[in-house]
Amino acid sequence: MAYNFTAIEKKWQRYWLENKTFAALDPAEAGGMSKAYVLDMFPYPSGSGLHVGHPEGYTATDIISRYLRMKGVNVLHPMGWDAFGLPAEQYAIKTNTHPRQTTERNIGNFRRQIQMLGLSYDWDREVDTTDPDYYRWTQWIFLQLFNSYFDPVDQKARPIKHLLQELMNENLVVAPDGSVVLNPTQEGMESIAGEMRIERLWRELPADEQRDVIDAQRLAYMDEIPVNWCPGLGTVLSNEEVIDGKSEVGGFAVERRPMRQWMLRITAYADRLLADLNLLEWPESLKEMQRNWIGKSVGAEVDFEMDGDEDLAVSVFTTRPDTLYGATYMVLAPEHPLVDRITPADRREAVESYRRMIAARSDRERMADGKQKTGVFTGAHAVNPVNGEKIPVYIADYVLMGYGTGAIMAVPAHDERDFDFARANNLPIRPVVKPADGSTPPADRAFVGEGIAIHSDVINGLPTAQAKEKIIAVLDGEGTAHRSVNYKLRDWLFSRQRYWGEPFPILLDKEGRAVAIDESELPLRLPEMDDFKPTGTPEPPLSKAADWLNVQRDGQTYTRETNTMPQWAGSCWYYLRYIDPHNKDRFVDPDKERYWMPVDLYVGGVEHAVLHLLYARFWHKVLFDLGHVSSNEPFARLVNQGLILGETEYHVFESASGSPVSAAEARNIGEENTGSGIQLVAYRKNGDEKLIGRRLDEAEVEKVADGYVLRDNPAIRVDVRSFKMSKSRGNVVNPDQIVGDYGADCFRLYEMYMGPLEAQKPWNTRDIVGMSRFLNAAWRNLVGDDEPAGSAVRIVDSAIPDDLNRQMHRTIRKVGEDIAALRFNTAIAELIKLNNDMGKLTAVPRELAENFTLLLAPFAPHIAEELWQRLGHHKSLARRPWPTFDESKLAESTMELPVQVNGKLRDRISVPADADEQTILAAAAKSEKVQPWLAGKTLRKQLYVPGKLVNFVV
RNA sequence: GCCGAGGUGGCGAAAUUGGCAGACGCGCCGGUCUUAGGAGCCGGUGGAGAAAUCCGUAGGGGUUCGAGUCCCCUCCUCGGCACCA
């Protein structure tokens with residue numbers, strides 16, 4: 001009879017909640033216990049509920065947490081809700097319910113689903129980013145950003161007060177562009193300072209300008225810049241939220257338009273965010289994604305004077321200053337501000353029409369064009385500072401305004417893009433670098449590698465690295481170039497024109513300048529509104545909250561900032577709040593923070609690589625600089641769980657007429673939403689004919705040598721693959737269903753047994769039964785078939801047979817090692833093996849039964865607790881000592897050794913474990929199966945690898 | 001195109017330092033109990049072969065007594081980036 005998992009699981013889930021079994025101890029109570037902070041990426045509680053992908057990571061961290069508790073470690077293992085955000089609000093609008101209601105309902109459903117899996121969270125530490133007691137501190141951290149600036153000398157954030165002081169005591173001065181620079185007179189530059197002095201002292205500035213200067217230095221600042229405006233969502237989006245020119249949420253079109261927005265100065269931290277990746281135990285691929293996103297490139301900015309306008313120079317950014325002599329033209333981004341100034345009257349028409357053409361094209365169309373490079377001559381010429389040569393200036397959309405200086409020197413001989421453009425416009429191509437190995441580079445494309453400088457005057461003969469150094473030094477001396485570093489990373493666009501987010505703790509005066517509200521006024525609550533819909537314009541919904549909007553302070557009228565923070569704000573620091581979730585005075589108590597941080601293990605999906613994980617690291621570093629946290633990085637070790645795909649599907653391609661086409665004949669296989677759901681589509685090789693995939697039943701296909709074919713038409717190859725689970729594809733597996741049918745313990749085991757945690761793997765419901773059989777067999781082994789309630793009839797107080805004792809110790813070792821290394825699949829395999837062996841006994845010795853139960857507990861906690869109780873214990877096993885293994889019990893008295901002849905296996909011999917090499921070789925040579933292979937041959941060598949094998953070479 | 005990860009039975013996967021390829025689970029085959037089996041139990045299961053034996057870790061080459069594992073080349077799959085100067 002199968003064990004009653006439903007009753008058992010309910011019973012123990014209630015027990016754990018009522019007894020607060022998994023409460024983490026505060027440092028004061030923990031004594032000498034070591035700590036472990038084991039964290040899951042908290043979910044966005046969507047309306048569709050938990051997905052089978054969520055419990056994969058949650059179960060992994062749960063196993064670790066339960067294991068560590070049994071090892072006597074103080075474990076912090078919390079869960080919460082990232083509950084602000086677009087989907088809840090979109091849903092609220094669609095159904096005309098307040099997002100607060102839908103969010104509460106979704107959280108309730110998520111909590112129920114997560115608790116039904118028996119995960120050992122400390123529920124007293126649950127956080128919800130939409131709770132005013134939580135977002136009060138999100139707003140507080142925003143004020144920290146607002147009241148700080150980045151000190152470029154020390155490379156760290158400091159309070160804005162410090163900046164003010166430095167300006168007032170004239171260590172810093174204000175440059176013409178409003179930026180803050182070191183006072184040259186403080187730098188031993190008095191001699192030239194007199195004539196160069198264009199910077200101004202703080203006290204010389206009018207009050208308004210003083211405020212502008214300070215505001216421009218803040219880590220949270222307002223700026224009017226071109227942003228990603230998404231009319232479909234009625235909000236702007238950050239670069240990270242735009243994928244292929246469309247919104248990541250909903251897939252709506254995004255357009256560039258200038259808007260005044262809150263920005264966070266993450267670029268100031270680019271270097272530290274990049275360098276500190278080396279301190280982290282994270283997957284290499286994920287670190288690489290962050291490196292790519294930060295996109296550091298080291299080079300030089302070089303000034304090119306404009307021919308005929310001595311006052312005007314255009315600065316270009318290049319990573320290859322060693323190729324300056326090969327620059328045969330210059331290109332500005334079409335929207336570059338100097339274009340109007342340099343374009344002579346007779347070229348205006350051509351330039352303007354090109355710009356109009358570019359503006360009408362979407363990013364998509366631009367990208368689709370690939371190597372087709374367009375552009376027009378401006379009519380102006382620039383002077384190359386290395387040789388005085390006059391080169392034509394073009395505008396072309398392959399140069400981006402947003403990167404570097406928005407202008408390049410074009411070296412077609414050594415840059416692919418410049419090469420393509422030069423070819424298309426008949427511009428000269430002049431090689432100035434030759435390969436170091438003396439080979440001749442192909443003439444039909446650019447040679448982009450490093451080499452030796454040629455035709456380059458002062459740097460002739462130098463290898464690339466040295467040539468770069470020297471040319472920068474020479475030009476720097478002439479004042480026409482300087483070393484420069486550029487990043488792809490942009491400042492973080494931090495405003496959203498939506499209702500369901502944290503309000504900014506900011507007031508705007510009549511001139512639109514920002515004033516922070518006092519910390520004592522936090523939290524600044526979202527106003528209750530019946531109409532929270534987007535306005536259809538960039539004006540945020542909060543502007544409709546008339547009572548809330550206007551504020552009187554000191555006789556002045558202010559309006560509140562009506563933008564809200566983006567979804568990522570709350571998740572930037574939630575791991576800190578878990579440490580001290582009910583603190584009314586601080587966002588986290590410093591002693592507790594020091595005890596628990598950094599997070600020892602963080603598990604979540606790779607989709608957060610450049611959003612959450614980069615933003616959170618940035619906030620953490622700011623908090624660190626300001627002395628609010630003790631750690632430089634928040635997440636010491638991070639693991640990405642692999643995606644769980646839907647069940648494997650078989651498709652045959654069919655032409656429009658319905659006749660089958662072999663998958664071998666298909667190209668560009670992809671998915672398309674055809675209105676009747678998502679379909680697999682492809683095109684016929686050597687043609688444009690569109691093919692549609694038709695889903696097949698497993699029985700209709702057959703495996704052949706190197707693939708699958710139609711059973712009744714083996715000439716037709718079949719497409720076999722697993723798809724990402726999605727509602728529109730209809731292949732989503734619901735955890736409620738699985739837990740109902742098989743129980744939570746079985747579900748947990750199956751998810752962990754599918755394969756390595758990090759691997760992407762297809763779901764296969766049919767396989768679950770294996771884990772169900774395992775649990776039922778374990779139950780039968782210990783409890784028996786028709787047990788009286790509460791008993792464990794198959795337990796005896798006798799010694800464990802030798803071979804089983806050895807197996808038990810082996811299992812204790814293997815399971816412990818595997819859990820520590822997150823190899824849950826092989827740990828479970830070992831438990832199954834031990835259980836299979838126990839099944840051969842007529843009764844199970846108590847020690848074996850108890851150890852097995854404890855080893856099983858992290859994986860299948862409900863059945864383990866029940867078995868533990870039936871074994872006569874009255875308290876939960878959650879903090880029982882983890883079994884220990886005895887090295888001496890692992891040793892066998894005899895060992896079986898393979899015997900090879902010329903590396904091929906011929907026999908296995910059994911010898912005493914302590915036999916010496918001579919004895920073993922002699923025994924091996926005598927083996928009947930080995931003899932024929934040695935007969936008549938000369939024995940050239942005999943090898944004995946201790947404990948491993950014997951090999952004869954003949 | 002560039003970067004990263006990977007390719008092992010019908011399927012999911014194992015395999016410390018190079019040392020018995022396929023642990024464990026699914027499926028499948030045979031047996032058993034049963035009024036019944038989509039339950040349980042026992043046995044088998046990489047391919048070919050009656051067997052001896054041979055062949056087998058994407059393909060090709062190499063190093064080695066010995067290669068899934070190390071080196072070189074090629075192919076394929078997945079993920080990321082993609083005019084970033």
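All values derive from a computational prediction rather than experimental measurement.

## Re the overall build of chain A
So, point 1. Helices and strands together make up the secondary structure of chain A, namely 31 helices and 46 strands.
So, point 2. Taking the principal axes of the C-alpha coordinates as reference, chain A spans close to 100 × 85 × 70 Å.
So, point 3. Of the contacts made within chain A by residues no fewer than 6 positions apart, 68% connect residues no fewer than 24 positions apart.
So, point 4. Accessible surface, chain A as shown: approximately 42,900 Å² in total, 49% of it carbon and sulfur.
So, point 5. The averaged location of the 138 negative side-chain charges in chain A is 5 Å from the averaged location of its 112 positive side-chain charges.

## As for empty space enclosed by the protein
So, point 1. Here the structure, examined in full by the defined rule, presents one cavity of 30 Å³ or more.
So, point 2. The space that makes up the largest cavity amounts to roughly 40 Å³.
So, point 3. Considering the residues around the largest cavity, the lining is formed by Glu 56, Glu 751, Met 752, Gly 755, Pro 756, Leu 757, Lys 761, Leu 822, Phe 824 and Asn 825.
So, point 4. If you list the elements that add at least two residues to the lining of the largest cavity, you get helix H23 (744-753) and helix H26 (824-838).
So, point 5. Among the residues making up the lining of the largest cavity, the classes are represented as five nonpolar, two polar and three charged.

## Some points on the side chain of His 77
So, point 1. As for its position among the elements, His 77 is in the loop between strand S2 (74-76) and strand S3 (80-81).
So, point 2. In this structure His 77 comes out as buried when scored by relative accessible area, which is 1%.
So, point 3. A polar contact of 2.9 Å, which involves the side chain of His 77, links it to the backbone oxygen of Val 38.
So, point 4. Setting aside anything within four residues of it in sequence, one finds His 77 in contact with Val 38, Asp 40, Thr 61, Asp 62, Ser 65, Arg 69, Ser 120, Tyr 121 and Asp 122.

## Notes on the sheet that holds strand S25 (residues 514-516)
So, point 1. The sheet built from four strands is open, its strands ordered S25-S24-S27-S26 with antiparallel pairing. Single-partner strands in this sheet number two, and they are S25 and strand S26 (550-553). Neighbour to neighbour, the strand axes of the sheet diverge by 45° on average, direction disregarded.

## A look at the sheet that holds strand S38 (residues 713-717)
So, point 1. Taking strand neighbours across the sheet as the criterion, the three strands line up as S36-S37-S38 in an open arrangement whose pairing is antiparallel. This sheet does not close on itself; its edge strands, each paired only once, are strand S36 (701-704) and S38. Ignoring strand direction, the axes of neighbouring strands in this sheet form an average angle of 50°.
So, point 2. Direction of pairing for S36 relative to strand S37 (residues 707-710): antiparallel, over a ladder of four bridges. Paired with Val 704 across the bridge in S37 is Gly 707.

## Describing the packing of aromatic side chains
So, point 1. On inspection of all chains with the given rule, the structure shows 45 aromatic pairs.
So, point 2. Centre to centre, the rings of Tyr 329 and Tyr 394 are 5.9 Å apart; their planes meet at 75°, and the pair counts as edge-to-face. Taken together, the positions of Tyr 329 in strand S16 (residues 329-332) and Tyr 394 in strand S18 (residues 390-396) put the pair 65 residues apart, joining distant regions of the chain. For the pair Tyr 329 and Tyr 394, one class covers both residues: buried.
So, point 3. Plain terms: the ring middles of Phe 494 and Trp 619 are 6.2 Å apart, the flat faces sit at 50° to each other, and that makes the pair tilted. Residue Phe 494 is located in the loop between strand S23 (492-493) and strand S24 (506-508), and its partner Trp 619 is located in helix H21 (residues 612-625); the two are separated by 125 residues in the primary sequence. Accessibility assignment for this pair places Phe 494 and Trp 619 in one class, buried.

## Looking at the pattern of salt bridges
So, point 1. Going through the model one piece at a time under the given rule, you end up with 59 salt bridges.
So, point 2. For Lys 11, the salt bridge is made with Glu 866, and the minimal N-O distance between the two is 2.9 Å. Highlighted residues: Lys 11 in helix H1 (residues 5-19) and Glu 866 in helix H28 (residues 861-870), separated in sequence by 855 residues.
So, point 3. Glu 866 sits in the buried class, given a relative accessible area of 6%.

## Quick word on the protein's contact with RNA strand B
So, point 1. Neighbouring RNA strand B are 51 residues; Thr 319, Tyr 403, Arg 417, Tyr 753 and Arg 908 lie closest to it.
So, point 2. When the atoms of RNA strand B within 4 Å of the protein are sorted by group, sugar and phosphate make up 66%.
So, point 3. The separation between a sugar or linking oxygen of RNA strand B and a polar main-chain atom of Thr 319 is 2.3 Å.
So, point 4. The contact in question runs from a sugar or linking oxygen of RNA strand B to an N or O atom on the side chain of Tyr 708, over 3.4 Å.
So, point 5. Take the surface near RNA strand B: its biggest share by element is six residues, from H26.

## As for the pairing of strand S17 (residues 375-383)
So, point 1. Relative to S17, strand S14 (residues 297-306) is paired through two bridges, and the arrangement is antiparallel. Within S17, the residue paired with Glu 305 across the bridge is Val 383.
So, point 2. Between S17 and the antiparallel strand that follows it, S18, lie six residues; Gly 388 among them carries a positive phi value of about 70°.

## Things to note about helix H9 (residues 207-215)
So, point 1. Of the positions making up H9, those classed as buried are Gln 210, Val 213, Ile 214 and Asp 215.
So, point 2. If you follow the buried residues of H9, they end up packed against helix H7 (160-168), strand S7 (172-174), strand S8 (180-182) and strand S9 (220-230).

## Topic: the confidence of the model for chain A
So, point 1. Summary statistics for chain A give a mean pLDDT of 88 and a share of 97% for residues scoring 70 or more.
So, point 2. When pLDDT is averaged over each element of chain A, helix H19 (residues 574-577) comes out on top at 98 and helix H8 (residues 190-196) at the bottom at 44.
So, point 3. Note on residues 188-195: pLDDT under 50 across the span, and three contacts to partners over four residues away in sequence or across chains.

Cut-offs and rules
Residues numbered from 1 in each chain as written. Chains lettered and ligands numbered in written order. Predicted model: local features only at pLDDT ≥ 70, side-chain atom pairs only at ≥ 80, totals over all residues. Heavy atoms only, no water. Helix = DSSP H or I, 4+ residues; strand = E, 2+ residues; numbered from the N terminus. Contact = heavy atoms within 4.5 Å. Areas by Shrake-Rupley, 256 points an atom, 1.4 Å probe, with all protein chains shown as cover. Lys, Arg positive; Asp, Glu negative; His and termini not counted. Charge placed at Lys NZ, Arg CZ, Asp CG, Glu CD. 1 Å grid on protein atoms, 1.4 Å probe; cavity = no way out; pocket = protein on both sides within 12 Å on 5 of 7 lines; lining within 4 Å. Points joined across faces, edges and corners; volume = space filled by probe spheres on them. Nonpolar A, V, L, I, M, F, W, Y, C, P; charged D, E, K, R; others polar. Buried < 20%, exposed > 50% of the residue type's maximum accessible area, 1.4 Å probe, protein only. Polar contact = N/O pair within 3.5 Å; in protein donor to acceptor, adjacent residues only side chain to side chain. Pairing = 2+ DSSP bridges. Axes fitted to C-alpha atoms, helices over the stretch in contact; angles between N-to-C directions. Phe/Tyr/Trp six-rings, centres within 6.5 Å; stacked < 30°, edge-to-face > 60°. Salt bridge = Lys/Arg side-chain N within 4 Å of Asp/Glu carboxyl O. Near = heavy atom within 4 Å. pLDDT = per-residue confidence, 0-100.

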